[in-house]
Amino acid sequence: MAPEKHVAFTFAVAFVLAGGWAQSARAQGNPDGAKLYASRCGDCHGERAIAAWGRKEPDAAKRKPWLDSLLRSHHAPRDPERAAIVAYIETVIAGRK
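Residues numbered from 1 in each chain as written. Predicted model: local features only at pLDDT ≥ 70, side-chain atom pairs only at ≥ 80, totals over all residues. Heavy atoms only, no water.

1. Quick word on the environment of A34
Piece 1. Checked against the element boundaries, A34 lands in helix α3 (residues 33–40).
Piece 2. Classification of A34 as partly exposed rests on a relative accessible area of 35%.
Piece 3. Separated by 57 residues in the primary sequence, A34 and T91 have C-alpha atoms spaced 9.8 Å apart. (Helix = DSSP H or I, 4+ residues; strand = E, 2+ residues; numbered from the N terminus. Buried < 20%, exposed > 50% of the residue type's maximum accessible area, 1.4 Å probe, protein only.)

Next comes the structure, spelled out in structure tokens:
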């Protein structure tokens, strides 16, 4: 392998192992739901709210569209952010069962 290719390969492996790929994916439009929830929702709606939402609609298939509708009418984050927040809430609720 030529020295330039070896350096490029080594850099690429290090980048992936360091989590650069995941960070890059977030930067390209895959937002972090936990961080978004903390910054956009967490001041008013803590862990108790998430637990209450899980009790209000225990069926996950029905809860996801309900949460999406709630966020649309409440503070209406952009679609990718809203989807990330809903996914985060779902993982928290699933972890409580």
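2. Notes on the side chain of R63
Piece 1. In this structure, R63 sits in helix α5 (residues 60–74).
Piece 2. For R63, a relative accessible area of 2% corresponds to the buried category.
Piece 3. Looking at R63, its side chain comes within polar contact range of the main-chain oxygen of E57, at 2.7 Å. (Polar contact = N/O pair within 3.5 Å; in protein donor to acceptor, adjacent residues only side chain to side chain.)

3. Considerations on α5
Piece 1. Over its 15 residues, α5 extends 20 Å from the first C-alpha to the last, a length consistent with the 21 Å expected when each residue adds 1.5 Å.
Piece 2. When we look at burial in α5, the residues that qualify are R63, L67 and L71. For α5, the angular spread of the buried residues around the axis is 65 degrees, confining them to a single face. Among the exposed residues of α5, those pointing more than 90 degrees away from its buried face are A61, K62 and S73.
Piece 3. Considering only its buried residues, α5 is in contact with α4 (47–56) and α6 (79–96).
Piece 4. The N-terminus of α5 is capped by D59, whose side-chain oxygen sits 3.0 Å from the backbone nitrogen of A61.
Piece 5. Two residues or fewer after α5 comes A76, characterised by a positive phi angle close to 40 degrees. (Expected span 1.5 Å × (residues − 1). Arc of directions from axis to C-beta. Contact = heavy atoms within 4.5 Å.)

4. What about the nonpolar core?
Piece 1. With 15 residues, the main nonpolar core has Y37, I50, W53, L67, I85, Y88 and I89 as its most contacted residues.
Piece 2. Every element with two or more residues in this core is listed here: α3, α4, α5 and α6.
Piece 3. The greatest single-element share of this core, amounting to seven residues, is contributed by α6.
Piece 4. Contact partners of I85, with chain neighbours within four places excluded, come to G33, L36, Y37, C41, L71 and P77. (Core = buried A, V, L, I, M, F, W, Y, C linked by side-chain atoms within 4.5 Å.)

5. Some remarks on the packing of α4 against α6
Think of two packed helices as two axes; the pair is described by the angle between the axes and how far apart they sit.
Piece 1. Two numbers describe how α4 lies on α6: the axes approach to 10 Å, and their chain directions differ by 75 degrees. With respect to each other, α4 and α6 are oriented roughly perpendicular. Facing E47, I50, A51, W53 and G54 of α4, the residues of α6 in contact are Y88, I89, V92, I93 and R96.
Piece 2. Partitioned by chemical class, the residues of the contact of α4 with α6 number seven nonpolar, one polar and two charged. (Axes fitted to C-alpha atoms, helices over the stretch in contact; angles between N-to-C directions. Parallel < 35°, antiparallel > 145°, perpendicular 65-115°, else oblique. Nonpolar A, V, L, I, M, F, W, Y, C, P; charged D, E, K, R; others polar.)

6. Examining the pattern of salt bridges
Piece 1. Enumeration over the complete set of coordinates arrives at six salt bridges.
Piece 2. A salt bridge links R72 to D68, with the nearest nitrogen and oxygen atoms 3.1 Å apart. Highlighted residues: R72 and D68, both in helix α5, separated by four residues, approximately one helical turn.
Piece 3. Classification of R72 by relative accessible area gives partly exposed; the value is 48%.
Piece 4. Residue classification places D68 among the partly exposed residues on the basis of a relative accessible area of 22%.
Piece 5. For R78, the salt bridge identified is with E81, shortest N-O distance 3.0 Å. (Salt bridge = Lys/Arg side-chain N within 4 Å of Asp/Glu carboxyl O.)

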